[in-house]
Amino acid sequence: MDSPVPRTRPPVSAPEAPIQPTPRLTRKSTAAPSRATRESAPASAAPIAPTLAEPARRPRGRPRKTAEELDDGNRRRKLMDGAAKLFRTQGFAATSTRDIASAVGMHSGSPFYHFESKNALLFAVMSEGMTMAVQSQQQALQALPATATPREQLRTLIRHHFEILLGPRSSFIPVMLYEWRSLTPAQRKAIGRIKDEYEAAWMPALQALSRQGALQADPGVARLFIFGALNWAVQWFSPKKGKSLDALADEALALFIQKDEAK
């Protein structure tokens, strides 16, 4: 028998890849995206609003004075101090604004930049001087301990008054004493209110001393006598004679108040 011829299978070839259709070119749609598309868009796609810088905060309290304002204040103070000394030594009527300007090293018209007239300068010397005296007197009383006796309170008031009368910036007191008539009625009334406030602070101590029997006069009358005596010190006191203001205050207190007051 002939040997059978083996049957062979035809070779299997790899399937051909299907031909992909060539994509058709289409126009880019200009239609607006749908609502769903807009909502699903990432947050980064949202337009970024420009951030506005926060306005600078205004500092609290009063604004600081400029160098020019400080210089104006110093010039005004110099004019007042110079005027007070001249009013005290020469008198108000005999002192001109040219004299005042020359005394502080300014031009003759400089006073009118700060004060409308010589009379206004006189009023400022008195009113601001008395206002300063009221403030410093309050500070002197507040510095006393709560247990201070009426005698100690009066001694503090007398010592402070001597400082106002005879201290480095004391010219306004003699000016007020001797140039009172040079003021207008309205100016006298305004300064009188400040003066009354200054003198009223003496009444509690004087009334307490009167109740203790250490003050032999009515407190209101005693206050007038005390101020009259103290104010006259501007005529005779001289620091070159060796008396300190502390010693002067002690002697004045001994003159007005008995030493054996009730405690």
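Residues numbered from 1 in each chain as written. Predicted model: local features only at pLDDT ≥ 70, side-chain atom pairs only at ≥ 80, totals over all residues. Heavy atoms only, no water.

### Points about the overall build of the chain
And step 1. Along its length, the chain carries twelve helices and zero strands.
And step 2. A separation threshold of at least 6 residues defines the contact pool for the chain, and within that pool the share at least 24 residues apart is 74%. (Helix = DSSP H or I, 4+ residues; strand = E, 2+ residues; numbered from the N terminus. Contact = heavy atoms within 4.5 Å.)

### Structural notes on the packing of aromatic side chains
And step 1. Applying the stated rule across the entire model yields four aromatic pairs.
And step 2. Judged by centre distance (6.3 Å) and plane angle (50°), the ring pair of Tyr198 and Phe227 falls under tilted. Separated by 29 residues along the polypeptide, Tyr198 in helix H8 (residues 185-200) and Phe227 in helix H10 (residues 219-231) bring together distant segments of the chain. In terms of burial, Tyr198 and Phe227 fall into one category: buried.
And step 3. An aromatic cluster is present here, built from Tyr198, Trp202 and Phe227 joined pairwise through their rings.
And step 4. Residue placement shows Lys118 over the ring face of Phe92; its charged tip is 4.4 Å from the ring centre. (Phe/Tyr/Trp six-rings, centres within 6.5 Å; stacked < 30°, edge-to-face > 60°. Buried < 20%, exposed > 50% of the residue type's maximum accessible area, 1.4 Å probe, protein only. Lys NZ or Arg CZ within 6 Å of the ring centre and 35° of its normal.)

### Some points on H10
And step 1. Across its 13 residues, H10 extends 18 Å between first and last C-alpha, which sits within 8% of the 18 Å expected from 1.5 Å per residue.
And step 2. Within H10 the residues assigned to the buried category are Pro219, Ala222, Arg223, Ile226, Phe227, Leu230 and Asn231. Seen along its axis, H10 keeps its buried residues to an arc of 150°; they face one direction. Facing away from the buried side of H10 by over 90 degrees, the exposed positions are Leu224 and Phe225.
And step 3. Elements in contact with the buried residues of H10: helix H6 (150-166), helix H7 (172-178), H8, helix H9 (203-212), helix H11 (233-236) and helix H12 (245-256).
And step 4. Regarding H10, its N-cap is Asp218, as a side-chain oxygen of that residue lies 3.0 Å from the backbone nitrogen of Gly220 further along. (Expected span 1.5 Å × (residues − 1). Arc of directions from axis to C-beta. Polar contact = N/O pair within 3.5 Å; in protein donor to acceptor, adjacent residues only side chain to side chain.)

### Details of the environment of Met203
And step 1. Its location among the elements puts Met203 in helix H9.
And step 2. Look at Met203 and you get buried, because its relative accessible area is 16%.
And step 3. As for Met203 and Ala222, which are separated by 19 residues in sequence, their C-alpha atoms are 9.7 Å apart.
And step 4. Each residue touching Met203, except ones within four places of it in the same chain, is listed here: Pro219, Gly220 and Arg223.

### Re the nonpolar core
Where a protein is soluble and globular, its nonpolar side chains tend to be buried together.
And step 1. Judged by nonpolar contacts, the single largest core of 54 residues is most densely connected at Met130, Leu154, Ile158, Phe162, Tyr198, Trp202 and Leu230.
And step 2. At nine residues, the largest contribution of residues to this core is made by helix H5 (residues 118-142).
And step 3. For Trp202, the contacting residues outside a window of four places in its chain are Gln137, Leu154, Leu157, Ile158, His161, Ile226, Phe227 and Leu230. (Core = buried A, V, L, I, M, F, W, Y, C linked by side-chain atoms within 4.5 Å.)

### A closer look at the packing of H5 against H8
Each pair of packed helices can be described by the angle between their axes along with the distance between the axes.
And step 1. Contact geometry of H5 with H8 gives a least axis separation of 9 Å together with a crossing angle of 15°. By the angle between their directions, the pair H5 and H8 is classed as roughly parallel. Here H5 and H8 pass one another in a crossing that is left-handed. Contacts between H5 and H8 involve Asn119, Phe123, Met126, Ser127, Met130, Thr131, Ala133, Val134, Gln137 and Gln138 from the first element and Gln187, Ala190, Ile191, Ile194, Lys195, Glu197 and Tyr198 from the second.
And step 2. Across the contact of H5 with H8, the residue classes tally to nine nonpolar, six polar and two charged. (Axes fitted to C-alpha atoms, helices over the stretch in contact; angles between N-to-C directions. Parallel < 35°, antiparallel > 145°, perpendicular 65-115°, else oblique. Left-handed = near helix turned anticlockwise from the far one by under 90°. Nonpolar A, V, L, I, M, F, W, Y, C, P; charged D, E, K, R; others polar.)

### What about a nonpolar patch on the surface?
And step 1. Among the surface-exposed residues, Leu177, Tyr178, Trp232 and Trp236 lie close enough to one another that they form a single nonpolar patch of about 460 Å² accessible area.
And step 2. In this structure, Tyr178 sits in helix H7. (Patch = residues over 30% accessible without salt bridge, like charges linked within 9 Å, V, L, I, M, F, W, Y side chains within 5 Å. Areas by Shrake-Rupley, 256 points an atom, 1.4 Å probe, with all protein chains shown as cover. Salt bridge = Lys/Arg side-chain N within 4 Å of Asp/Glu carboxyl O.)

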